[in-house]
Amino acid sequence: IEEAPPSTDLITLTRHVLGDQLRLGSAATGDLTLLLTAIQVTSKFIATNVRRARLINLVGLAGEQNVQGEDQKKLDVLSDDIMVNALRASGKCAVLVSEERENAIIIEEKNRGKYCVVFDPLDGSSNIDAGVNVGTIFGIYQVLNDGSASLEDVLQQGSKMVAAGYTMYGSSANLILSTGQGVNGYTLDAALGEFILTHPDIQIPPRGKIYSFNEGNSMFFHEPVNAYLHSIKYPASGKPYSARYIGSMVADVHRTFLYGGIFGYPDDKKSKSGKLRLLYEAFPMAFLTEQAGGVATTGKQRILDIVPKNIHERCSCFLGSKDDVNDLLKFYNDPKYAD
Ligand code: P6P
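Scoring rules and cut-offs
- Residues numbered from 1 in each chain as written.
- Predicted model: local features only at pLDDT ≥ 70, side-chain atom pairs only at ≥ 80, totals over all residues.
- Heavy atoms only, no water.
- Helix = DSSP H or I, 4+ residues; strand = E, 2+ residues; numbered from the N terminus.
- Buried < 20%, exposed > 50% of the residue type's maximum accessible area, 1.4 Å probe, protein only.
- Contact = heavy atoms within 4.5 Å.
- Areas by Shrake-Rupley, 256 points an atom, 1.4 Å probe, with all protein chains shown as cover.
- Polar contact = N/O pair within 3.5 Å; in protein donor to acceptor, adjacent residues only side chain to side chain.
- Pairing = 2+ DSSP bridges.
- Axes fitted to C-alpha atoms, helices over the stretch in contact; angles between N-to-C directions.
- Parallel < 35°, antiparallel > 145°, perpendicular 65-115°, else oblique.
- Nonpolar A, V, L, I, M, F, W, Y, C, P; charged D, E, K, R; others polar.
- Near = heavy atom within 4 Å.
- Disulfide = S-S within 2.5 Å.

Chemist: Can you walk me through the overall build of the protein chain in this structure?
Modeler: In terms of helices and strands, the protein chain carries seven helices and 15 strands. Considering only C-alpha atoms, the protein chain reaches an extent of 60 × 55 × 45 Å along its principal axes. Put simply, the protein chain has 339 residues, and 54% of those count as buried. Of the contacts formed within the protein chain by residues at least 6 apart in sequence, a portion of 63% connects residues at least 24 apart. Carbon and sulfur atoms form 52% of the exposed surface of the protein chain, whose accessible area is close to 15000 Å².

Chemist: Please explain the side chain of Ser316 as it appears in this structure.
Modeler: By secondary structure assignment, the location of Ser316 is in the loop between strand S14 (295-297) and strand S15 (317-320). Classification of Ser316 as buried rests on a relative accessible area of 6%. At 3.3 Å, the side chain of Ser316 and the backbone nitrogen of Asp267 are in polar contact. A polar side-chain atom of Ser316 sits 2.9 Å from the main-chain carbonyl oxygen of Thr298. Residue contacts for Ser316: discarding those within four places in its chain leaves Tyr265, Pro266, Asp267, Ser273, Thr297, Thr298 and Ile303.

Chemist: Explanation requested: the sheet that holds strand S4 (residues 105-106) in the structure shown.
Modeler: Two pairing modes exist for strands in a sheet, parallel and antiparallel, and in both the strands are linked by backbone hydrogen bonds. In space, the eight strands of this open sheet follow the order S4-S3-S5-S6-S7-S8-S9-S10, with mixed pairing throughout. The open sheet has two free edges, formed respectively by S4 and strand S10 (194-199), since each of these has just one partner strand. Pairing analysis gives six bridges linking strand S3 (residues 93-98) to strand S5 (residues 112-123), with the strands arranged parallel. Helix-sheet contacts for helix H1 (residues 13-22) involve strand S8 (173-178), strand S9 (184-189) and S10, and the interaxial angle to S9 is about 155 degrees.

Chemist: I keep staring at the packing of helix H5 (residues 249-259) against helix H6 (residues 278-291) and nothing clicks. Help me out?
Modeler: Helix-helix packing is characterised by the crossing angle of the two axes and by the distance between the axes. Across the interface, H5 lies against H6 with an axial gap of 12 Å and an inter-helix angle of 10 degrees. As judged from the angle between their axes, H5 and H6 are roughly parallel. Of the residues in H6, those in contact with Met249, Val250, Val253 and Phe257 of H5 are Glu281, Met285, Leu288 and Thr289. Among the residues forming the contact of H5 with H6, the class breakdown is six nonpolar, one polar and one charged.

Chemist: Would you explain the site of the ligand in this entry?
Modeler: Close to the ligand lie 13 residues, the nearest being Asp123, Asn214, Tyr245, Met249 and Tyr265. Within the side chain of Asp123, one N or O atom sits 2.5 Å away from an oxygen atom of the ligand. Met249 has a polar backbone atom sitting 2.8 Å from an oxygen atom of the ligand. Alone, the ligand offers 390 Å² of accessible surface; in the complex the protein occludes 83% of this. When the residues that make up the shell around the ligand are grouped by side-chain class, the tally is four nonpolar, five polar and four charged.

Chemist: How should I be thinking about the environment of Leu22 in this particular structure?
Modeler: Here Leu22 is to be found in helix H1. Judged by relative accessible area, which is 60%, Leu22 ranks as exposed. For the pair Leu22 and Leu175, spaced 153 residues apart in sequence, the C-alpha separation works out to 21 Å.

Chemist: Could you clarify how one ought to interpret the state of the cysteines in this entry?
Modeler: Formally, a disulfide is one covalent bond, and it connects the sulfur atom of one cysteine to the sulfur atom of another. Going through the model one piece at a time under the given rule, you end up with zero disulfides. This cysteine, Cys317, is not joined by any disulfide, and Cys315 carries the nearest cysteine sulfur, 5.7 Å off.

Written as structure tokens, this is what we have:
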């Protein structure tokens, strides 16, 4: 079969973002585009090493524990290092927060820029040895004042983020990004080394047929959660929802964006503040969710309204199709289920 001639009008991530930024007129200096170029480099590096991990014996523990007290995988450490180095070298950052580092990194004056990046370099890494999709999650703030670089620059409400995204490492590397003008998906063409626009203007379906919760925690779930799950598993009419749970947030959220439905990691009687981290997991995913027409809530408040108190705090998280998440909220707002 004659192969179609290669496209000669490639919409790369950089070209696409630059286009969006130029439409902002003089407000755009190109700094965000350059910062996103650095992030693309880290995603390409991590994609390459996740893919080769088994071959070059990168799976397995690095013998260290991270600030969360979790065993660090060699890939975790590599991914964290490449991100810190590339973001520092970009000259566009003032403060960095990594899931792998106890303290925020304040970039030295000579390399400092106006953005702060909060990130989980390799989320879902406990699944790496099983070959499950893992990902990098990032959120970007602007510093509160010109030249400032302190913790308060990264303890801003999620709604103050100027951009957020994730890269999922699977059969291909998919970078999903929003700079505040909707959500777009880009697929890495490894031959070119470019992320190419493949999913323009992602919109979460208003309702799905899938729920994604770790039901192994059901005995700890608060009443509104169990009541909601019961309502979609034993519906008064119509078919029950399907259960899909990968246990890697980037993979579960990516499927929810494309197919619709609801993803939830609620706070419960065991994990009083939930498990997912607010700054570099819930905030970026909530930003993307709302930009794609969905709803992201703790069950009690909009996730993006939270003002973080510390960089590694956790939060309850439900996100996805607006009708599905609003159905869940009916149970939280019904005094019958207050426990
Ligand atoms: P559980 C992975 O470790 C992670 O941080 C997220 O990627 C994922 O959604 C969650 O934890 C899975 O947690 O308790 O269901 O294994």
